[in-house]
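Notes for the structure review
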Amino acid sequence: MLLLVFTLVEAPNAGWASVRTLGSLAAVAVLLTAFAVIERRVASPLVRLGILRSGALVRANVAAMSLLGGWVGALFIITLYLQDVRGWSALQTGLAVCPSGVVVAILAPRIAAPLVGRYGSGRVALAGLTSSVAAYAQLQLLDATSGYWTLMLPAFLLVGLAFTLTYGPLTMAAADSVPAADQGLAGGLVNTAFQVGPALALGVVSAVTATGGLRAALVVPLVVAALGVAAMLPALRRA
């Protein structure tokens, strides 16, 4: 994963068709294949690959990557925008984004569990991911004179709602998708997805920013969030 992220970040400088970039991507494929082969052969694998036959678990992992990947990518762009385009200080930028965390701190302990009990973890997570799509769609309107109160703050509040409804319920959805004996592994996988998603998304955002600028890069979090929604759509079909 480290090599993949490094390759994505450095590709705009090295060239997407350069020997360095193509060689690194080939090395990533070899390492991933080697990991899969080893895990299939050892008596006590770190990751029993058969667990990935659970479609619900795979979807929860994709959604986990989407949730944090979209936000970290957006946060990278917003920081550059506020500090480089608008001339805000680091303190002002941090305070501007802070409401998203305040929403999570206030709402998550109060509404997430009751909603999961009523509607199920998958549906609640889907609602949260939809909120993140709305947030990043709002941020597509950013320009050099965009107002904080009318454009940015509503988007940050929607991100806070997204995390409130998605982070915990996704962990529950992953655990519920496998037998009790595999729930520890399922929890480990989804928590890994929470970490891998931001690394990959940030690599893509960095590459797009270097080649197309902040405006083009703003599309990446929106696409990432939409992938999470698509992954969790089957939750609507469950009773």
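As shown above, the structure is provided for reference.
This part is about the pattern of salt bridges. Counting across every chain of the model gives 2 salt bridges. Arg48 is paired through a salt bridge with Asp182; the nearest N and O atoms lie 2.6 Å apart. In this pair, Arg48 is assigned in the loop between α2 (19-41) and α3 (55-85) and Asp182 in the loop between α6 (148-176) and α7 (183-217), connecting sequence segments 134 residues apart. Looking at Arg48, the relative accessible area reads 36%, which means it is partly exposed. What makes Asp182 buried here is its relative accessible area of 17%.

The end-to-end C-alpha distance of helix α8 (residues 219-232), which contains 14 residues, comes to 21 Å, matching closely the 20 Å that a straight helix rising 1.5 Å per residue would cover. Those residues of α8 not exposed but buried are Val220, Pro221, Val224, Ala225, Gly228, Val229, Ala231 and Met232. Against α3, α5 (121-139), α6 and α7 lie the buried residues of α8.

This part covers the environment of Val102. Of note, Val102 is situated in helix α4 (residues 90-119). Linking Val102 and Thr166, residues 64 residues apart in sequence, is a C-alpha distance of 16 Å.

A cluster of nonpolar residues, Leu32, Phe35 and Leu46, forms a patch on the protein surface that exposes about 330 Å² of accessible area. One can find Leu32 in helix α2. With relative accessibility at 58%, the residue Leu32 sits in the exposed group.

Here we take up the nonpolar core. Core analysis: the largest hydrophobic core is formed by 48 residues, its most contacted members being Trp71, Ile78, Tyr136, Leu139, Met152 and Leu170. Counting residues per element, the ones that place at least two in this core are α3, α4, α5, α6, α7 and α8. It is α3 that provides the largest number of residues to this core, a total of 12 residues.

Right, let's talk about the environment of Asp176 for a bit. With respect to the helices and strands, Asp176 occurs in helix α6. Counting along the chain gives 22 residues from Asp176 to Pro154, while the straight-line C-alpha distance between them is 33 Å.

On to the packing of α4 against α6, then. Close contact between α4 and α6 brings their axes to 7 Å; oriented N to C, the two are set at 40 degrees. Of the two elements, α4 crosses α6, and the hand of that crossing is right-handed. Looking at the contact of α4 with α6 residue by residue, the classes come out as 22 nonpolar, 3 polar and no charged.

Our next topic: α2. Taking 1.5 Å per residue, 23 residues should reach 33 Å; α2 reaches 33 Å between its end C-alpha atoms and fits that length. Listing the buried residues of α2 in full gives Thr21, Ser24, Val28 and Glu39. Buried residues belonging to α2 abut α1 (2-14).

Rules of the game
- Residues numbered from 1 in each chain as written.
- Predicted model: local features only at pLDDT ≥ 70, side-chain atom pairs only at ≥ 80, totals over all residues.
- Heavy atoms only, no water.
- Salt bridge = Lys/Arg side-chain N within 4 Å of Asp/Glu carboxyl O.
- Helix = DSSP H or I, 4+ residues; strand = E, 2+ residues; numbered from the N terminus.
- Buried < 20%, exposed > 50% of the residue type's maximum accessible area, 1.4 Å probe, protein only.
- Expected span 1.5 Å × (residues − 1).
- Contact = heavy atoms within 4.5 Å.
- Patch = residues over 30% accessible without salt bridge, like charges linked within 9 Å, V, L, I, M, F, W, Y side chains within 5 Å.
- Areas by Shrake-Rupley, 256 points an atom, 1.4 Å probe, with all protein chains shown as cover.
- Core = buried A, V, L, I, M, F, W, Y, C linked by side-chain atoms within 4.5 Å.
- Axes fitted to C-alpha atoms, helices over the stretch in contact; angles between N-to-C directions.
- Left-handed = near helix turned anticlockwise from the far one by under 90°.
- Nonpolar A, V, L, I, M, F, W, Y, C, P; charged D, E, K, R; others polar.

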